[in-house]
Amino acid sequence: MTTTRKPSRTGKAKAQPHRGSRQLSDNARLKEFEKLGPFEIKDFVQKVASKSALESSLSYLNAGRGNPNWVATEPREAFFLLGQFAVTESKRVLDLPPGVGGMPSASGIAGRLEAWLAKHEDMPGALFLQAMVPWAVKKFSFDPDKFVHELVDSIIGDHYPVPDRMLVHNEQIVHEYLEWAMCGNPRPKGTFKIYAVEGGTAAMCYIFKSLKSNRLLNPGDTIALGVPIFTPYLEMAHLEDYDLHYVEIHAKQEERFQYPDEEIKKLLDPKIKAFFIVNPGNPFAVALSPDTIKKIGEVLKKRPDLILLTDDVYGTFVPGFRSLMGEFPENTIGVYSYSKYFGCTGWRLGAIAVHEDNIFDKMIAAHPEPIKKLLDKRYGGLSLEPRKLAFIDRIVADSRDIALNHTAGLSLPQQVMMTLFSLSELMDEKKAYQKACIGICKKRVEATIEGLDIEVGPNQYFDYYYGLIDFEFFARKYLGEDVVKWIKANVHPLDIVFRLAEDHGIVLLNGGGFAAPDWSVRISFANLENHVYDDIGRAVRAIARGYRQAYEAATGKSAPPAPTKAPLTKR
């Protein structure tokens, strides 16, 4: 038996044999992978896929990673041009023959930048910088020389970060950006204190560490995780460093990946100290609806001490997105990364946001005296009044093991890039960049749906960045209940990702590793060219046909005919 891929738009796909005998003999081997996370399994799948692609003249398609294949060019052009000006400023102060410069001077620097840009306005990035500086000065009431000097001195990178939590101008700009990107309407009153960090991953590590260090979460405590969820949240809770138990709060596909009442009610249990979510979800890519947010608010009325942590990396892909930090700022630790929206995973730009009026400071102040004394000892070298040290500043100190707090902070050139990314979006009143990014992903989603030959209803909270293909749900409609029962009894769920790799040279991640259904796969719509996604959809259908053929061969029964345009309402 053979399965055939529809010719791709770049060439004819080669027919691949369905290795029906492999599924039974390999179940024991596939079971060994169950203890690994999906990103670790991916390493094995990649080797299989690349080998098969090479041997069978297939295109190697890795849709397993979320790294986008686009970048924001205007702020990058501005960054590199600003760097050239900064070097001239260094040489203006000191210029020794071996290539030794000085530290840029603040006095008059805004005027010098304006004059320099006028001479170099034909250079990429010049028009952006010419518009950006006066726009930011007016918007935030900045002193021009102080603002430009922060940019120039920081891009040179000749100082430690001061303040260590975040540069003064950068924090105000990022605050405004996060208000737009995360908070929606109405904006919360008051101010968020922000810590610039090395991407969302660093934010996770620092937050877990400080929650434990400040006895807000202790070994043996129970937290709730909104699942499916980005795998490290599942894995970190189990580490002996934290030793946390967790309760799963399930977003249900039949509820369009919102949390139903019976799941939300789990949060009323007083033993649950915190609720961690990714919003919009990873891997299911759907944002919380206003109704779901309202239900969480009802819980907080009865549980005002419940800690919320929201990881909102993909929020910018949902117009009008509303984060928990916008709705419940006092209870929420906000995590954001610039990596996906601006195509800058290599820059490692992220932020932790904690509101100035928050439950964390209050919970620390309410600790019993013996715990307060332990924390006094921990943070006593940083302040004459360590009990007044805010939680966000404790996160900064903990990120450098207290003793190195004086050298804490995100590198200054990184903070300049963060400033430029933020301002490029804030200045874009028509949101042309946002529309372009969403448009890229949307075309790829539509191509995948075409390849799968299914119908998917619209969902205003879907971010188009990832897709969760629930294979069991798909197979039940496409193949019938009897075939699904046979597959579940005779085939290991990981067979799907390995078969895609071996037969088609395609890498997807197994959904089970995200606490999604075992018979599901995550596809990234961010990192491959548009024209390959219909091929991926057809490959998944080919896997289904192969299972159908194996079922018929094993049972002697004929599976019912597949419906045309099988409806799939999981989004």
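Residues numbered from 1 in each chain as written. Predicted model: local features only at pLDDT ≥ 70, side-chain atom pairs only at ≥ 80, totals over all residues. Heavy atoms only, no water.

Chemist: Help me get a handle on the packing of aromatic side chains, residues and values and all.
Modeler: For the structure on display, the rule yields 40 aromatic pairs. Measuring from ring centre to ring centre gives 5.3 Å for Y177 and Y338, while their planes differ by 20°; the resulting arrangement is stacked. With Y177 in helix α8 (residues 168-183) and Y338 in the loop between β11 (332-337) and β12 (350-355), the pair connects residues that are 161 residues apart, well separated along the chain. The pair Y177 / Y338 is uniform in exposure class, with both members buried. Stacked on the ring of F44, the Lys or Arg K47 has its end atom at 5.9 Å from the ring centre. Between R522 and the ring centre of Y466, over which it is positioned, the NZ or CZ distance is 3.9 Å. (Phe/Tyr/Trp six-rings, centres within 6.5 Å; stacked < 30°, edge-to-face > 60°. Helix = DSSP H or I, 4+ residues; strand = E, 2+ residues; numbered from the N terminus. Buried < 20%, exposed > 50% of the residue type's maximum accessible area, 1.4 Å probe, protein only. Lys NZ or Arg CZ within 6 Å of the ring centre and 35° of its normal.)

Chemist: Got a sec to walk through the pattern of salt bridges? Specific residues and values, please.
Modeler: Throughout the structure, instances matching the rule amount to 32 salt bridges. In this structure, the salt-bridge partner of E176 is K139, at a minimum N-O distance of 3.7 Å. In this pair, E176 is assigned in helix α8 and K139 in helix α6 (residues 126-140), connecting sequence segments 37 residues apart. Judged by its relative accessible area of 17%, E176 falls in the buried class. For K139, a relative accessible area of 44% translates into the label partly exposed. R538 is the salt-bridge partner of D535, the closest N and O atoms lying 2.4 Å from each other. With a gap of 3 residues between them, D535 and R538 both fall in helix α22 (residues 533-555), about one helical turn apart. Given a relative accessible area of 3%, D535 falls into the buried group. Note on R538: relative accessible area 10%, which makes it buried. A single salt-bridge network, built from bridges that share partners, covers E472, R476, E481 and K488. (Salt bridge = Lys/Arg side-chain N within 4 Å of Asp/Glu carboxyl O.)

Chemist: Describe the pairing of strand β10 (residues 307-311), and please don't skip the residues or the numbers.
Modeler: Of all 5 residues in β10, 5 are buried; the element is thus mostly enclosed. Along β10, one buried face is formed by I307, L309 and D311 and the opposite face, lined by L308 and T310, is buried too. Alignment of strand β9 (residues 272-278) against β10, held across 5 bridges, turns out to be parallel. The partner of F276 across the bridge, within β10, is L309. Two elements, β10 and β11, share 4 bridges in a ladder whose sense is parallel. Among the inter-strand pairings, T310 is bridged to a residue of β11, identified as G334. (Pairing = 2+ DSSP bridges.)

Chemist: I'd like a rundown of the sheet that holds strand β14 (residues 466-470), residues and numbers included.
Modeler: Pairing in this open sheet of 3 strands is antiparallel, and the strands run β14-β17-β16 from one edge to the other. Unpaired on one side and paired on the other, β14 and β16 (509-510) mark the two borders of the sheet. Sheet topology places β14 next to strand β17 (residues 520-524); 5 bridges connect them, and they run antiparallel. Residue pairing across strands places G467 opposite I523, the latter belonging to β17. The strands that helix α19 (residues 471-478) touches are β14 and β17; relative to β14, the one it contacts most, it runs at about 50°. (Contact = heavy atoms within 4.5 Å. Axes fitted to C-alpha atoms, helices over the stretch in contact; angles between N-to-C directions.)

Chemist: I'd love a proper account of the sheet that holds strand β6 (residues 192-197), names of residues and values included.
Modeler: On the basis of which strands lie adjacent, the open sheet formed by 7 strands has the order β6-β12-β11-β10-β9-β7-β8 and mixed pairing. The open sheet terminates on both sides in strands that have one partner only, identified here as β6 and β8 (245-250). The sheet shows a mean angle of 20° between the axes of neighbouring strands, taken without regard to direction. Here helix α16 (residues 391-399) sits on the sheet in contact with β6, β11 and β12, set at roughly 15° to β6.

Chemist: Any chance you could break down the nonpolar core for me, citing the residues and the numbers?
Modeler: Core analysis: the biggest nonpolar cluster contains 141 residues, and F147, F275, Y338 and F471 have the highest contact counts within it. With 9 residues, α22 is the largest single contributor of residues to this core. In this view, F275 contacts A224, L225, G226, I249, Y259, L267, I296, L306, I307, L308 and L309; residues no more than four positions away in its chain are not counted. (Core = buried A, V, L, I, M, F, W, Y, C linked by side-chain atoms within 4.5 Å.)

Chemist: Describe unusual backbone geometry, naming the residues involved and giving the relevant values.
Modeler: With an omega of -5°, the peptide bond between N185 and P186 qualifies as cis. Mapped onto the elements, P186 comes out in the loop between α8 and β6. The peptide bond linking N279 to P280 adopts the cis configuration, its omega dihedral lying at -5°. Looking at where P280 falls in the secondary structure, it is placed in the loop between β9 and α12 (290-302). Its identity as a non-glycine residue notwithstanding, R256 has a phi of 60°, on the positive side. Within the fold, R256 resides in the loop between β8 and α11 (261-264).

Chemist: Pulling in residues and values, what's your account of a nonpolar patch on the surface?
Modeler: On the surface, a nonpolar cluster with roughly 280 Å² of combined accessible area is contributed by V93, L94, L96 and V100. With respect to the helices and strands, the residue V100 is situated in strand β5 (residues 100-101). (Patch = residues over 30% accessible without salt bridge, like charges linked within 9 Å, V, L, I, M, F, W, Y side chains within 5 Å. Areas by Shrake-Rupley, 256 points an atom, 1.4 Å probe, with all protein chains shown as cover.)

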